[in-house]
Amino acid sequence: MLRLGHNGDLCDLCARQQTVAKLLPEGFFTDDRMRKALAAYDFAAVFRSVRRATGFSQERLGEFIELSQSRVSLVELSKHRLRDIAIVARVASQFGIPPELLGFTPGAATVGVTGKSDVREVDLMRRREFVGIVTGITMGLDGAPLDLDRLVALLPANAVTELPRRIGAADVAAIEQVTAAFRRWDFSRGGGLYRDAAVAQFRSVRALRDVACEPPVRAQLLVATADLGAVAGWMSYDSGLHDEARWLWVAALEVARQAEHPVAVDLTMCVLLDMIHQALHLHRPEEATRLVQLGYGVVAGGAHPVSACTSSYLATSQAWCDAARGDVAACDRSLGRSVEGLAAEPIFSVPWDAHVGPAQLAARQGHAYYTLAVTDGSPQHAARAVPLLQEAVQGFGPGYARSRAVNLPGLAGAHAIARDLDAAVYVGGQAVTEVTALSSRRALERLRSLDTVLQPHDGEASVAELREQIRGALTAA
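Residues numbered from 1 in each chain as written. Predicted model: local features only at pLDDT ≥ 70, side-chain atom pairs only at ≥ 80, totals over all residues. Heavy atoms only, no water.

What about the nonpolar core?
If you look at the biggest cluster of nonpolar residues, it comprises 64 residues, and the most contacted ones within it are W249, I276, C331, Y370, L447, L454 and I470. Apart from the residues within four sequence positions on either side, Y370 is in contact with A385, L389, P409, G410, G413, A414, I417 and V453. Membership of the second largest hydrophobic core comes to 29 residues, among which are V20, A45, V46 and I65. (Core = buried A, V, L, I, M, F, W, Y, C linked by side-chain atoms within 4.5 Å. Buried < 20%, exposed > 50% of the residue type's maximum accessible area, 1.4 Å probe, protein only. Contact = heavy atoms within 4.5 Å.)

Below, the structure is given as structure tokens:
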């Protein structure tokens with residue numbers, strides 16, 4: 001008997017015993033397109049293809065895999081990722097997806113059949129995937145891929161592992177390697193895609209602080225932990241999660257403070273500089289100024305010196321604060337100190353300074369002059385910003401796609417304030433294309449700021465069209 005309001009062809013009991021796999025043609029998941037979608041855990045493409053093949057509505061498909069119609073819709077729109085391993089296994093079983101196409105050990109899951117035996121297989125998959133990924137990423141095992149997309153998609157949010165009894169130098173080196181990977185991904189693609197994984201990794205690594213190890217190893221472990229926390233905080237900031245970013249940065253500061261290591265002061269300054277960056281992004285120049293003053297105090301009273309790059313960045317941060325207040329003379333002085341700071345002999349090399357080069361320096365200077373131009377509407381300041389921001393966007397290579405993208409809106413805005421609207425529209429179009437290819441809420445906010453700068457020129461058809469593109473990109477994000 002069908003329940004009241006039931007619109008399906010089968011009763012609930014029969015529907016639960018039926019599987020989608022029986023309705024799909026043989027070899028449905030083994031063509032190249034579906035293999036790529038499954039390898040990337042792109043269930044948006046999978047759901048749409050399955051519904052085309054079966055004629056199912058989103059509601060009907062959801063009944064088979066025990067998801068609501070609204071959730072199926074969000075998955076198909078790529079606004080929601082399937083993260084829970086039990087749900088992934090349930091979908092695999094219902095659709096008849098070969099387990100190896102999802103990265104599981106062949107035969108680890110009984111697909112196409114439901115029942116109590118599957119529950120045990122799902123638990124087995126959960127353990128195998130968790131141990132395999134976490135062991136590979138934490139211990140740096142040779143041949144273990146750092147596939148953090150799958151880590152974010154598969155691991156349970158509250159997974160707990162037993163702490164090791166002792167930590168050695170190789171373990172710390174593995175943490176440093178993982179942090180370097182997060183940093184590379186952030187520069188190239190934005191913080192959003194890997195933020196969850198970075199935060200989870202920081203929580204796990206932070207728990208190692210009290211594990212037994214030799215004093216030199218402990219000092220390096222604390223530095224590595226604080227650096228990982230700083231990166232996780234930056235990725236949260238780049239994702240627009242500002243409160244979470246601050247919590248992570250505070251936690252990183254607390255760990256760095258405990259590290260009796262020559263670079264601990266420099267790392268502390270790195271975290272403060274990220275906080276200053278965020279405060280200015282949130283249009284809080286007074287707060288940023290107080291943090292700059294704190295930074296100068298840390299440098300003056302630190303047990304160890306900071307790198308020339310860090311000293312230069314602190315002066316640049318001061319210049320940004322000066323520019324936000326419209327103080328041209330102070331901004332110029334601060335930028336002069338920034339250039340002089342980089343000319344100093346390097347004291348040491350640290351991973352959080354590895355990205356700094358001519359493009360990064362030009363971006364810092366150009367952003368200061370652009371901030372002045374936005375503050376007072378001066379074409380002269382915009383004209384000073386344009387060549388510097390051009391040097392920056394041309395100098396950032398493929399590994400720094402996010403760095404290039406966040407500077408394109410500023411370059412377009414500088415062209416607009418300098419009254420070169422053709423250049424503003426051309427660069428603005430590039431900005432829309434490159435920003436929307438990333439996972440960076442911060443870059444999108446730069447587009448929003450560009451839209452405001454362009455508003456006075458809305459009478460120009462090309463500018464109006466660009467503003468429409470920007471608003472479309474912001475709405476779709």
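A look at helix α22 (residues 461-476)
Its 16 residues give α22 an end-to-end C-alpha distance of 23 Å, which sits within 8% of 22 Å, the value for a rise of 1.5 Å per residue. Looking at α22, one finds that the buried residues are V463, L466, R467, I470, A473 and L474. Projection of α22 onto a plane perpendicular to its axis shows the buried side chains occupying an angular sector of 120°, all on one side. Turned more than 90 degrees from where α22 packs its buried face, A461, E465, T475 and A476 sit exposed. The inward-facing, buried residues of α22 abut α20 (421-436) and α21 (441-454). (Helix = DSSP H or I, 4+ residues; strand = E, 2+ residues; numbered from the N terminus. Expected span 1.5 Å × (residues − 1). Arc of directions from axis to C-beta.)

Comments concerning the packing of helix α13 (residues 264-281) against helix α15 (residues 308-324)
It is at 10 Å that the axes of α13 and α15 come closest, and there the two elements cross at 20°. The orientation of α13 with respect to α15, classified from their angle, is roughly parallel. Considering the relative orientation of α13 and α15, their crossing is left-handed. Judged by residue contacts, D266, M269, L273, I276, H277 and L280 of α13 engage T310, Y313, L314, S317, W320 and C321 from α15. When the residues that make up the contact of α13 with α15 are grouped by side-chain class, the tally is eight nonpolar, three polar and one charged. (Axes fitted to C-alpha atoms, helices over the stretch in contact; angles between N-to-C directions. Parallel < 35°, antiparallel > 145°, perpendicular 65-115°, else oblique. Left-handed = near helix turned anticlockwise from the far one by under 90°. Nonpolar A, V, L, I, M, F, W, Y, C, P; charged D, E, K, R; others polar.)

Overview of the environment of D266
Along the polypeptide, D266 turns up in helix α13. Given a relative accessible area of 0%, D266 falls into the buried group. Considered as a pair, D266 and V350 are 84 residues apart in the sequence and their alpha carbons are 8.7 Å apart. Here D266 is in contact with V306, S307, T310, F348, V350, W352 and D353, once residues within four sequence places are set aside. Among the polar contacts listed, one links the side chain of D266 to the backbone nitrogen of S307, at a separation of 2.7 Å. (Polar contact = N/O pair within 3.5 Å; in protein donor to acceptor, adjacent residues only side chain to side chain.)

Comments concerning the pattern of salt bridges
In this structure the tally under the stated criterion is 21 salt bridges. Measuring nitrogen to oxygen at the nearest pair gives 3.3 Å for the salt bridge that ties R448 to E445. Placement of the pair is R448 and E445 together in helix α21, with a separation of three residues, close to one helical turn. The network of salt bridges with shared partners includes D451, D458, R467, E468 and R471. (Salt bridge = Lys/Arg side-chain N within 4 Å of Asp/Glu carboxyl O.)

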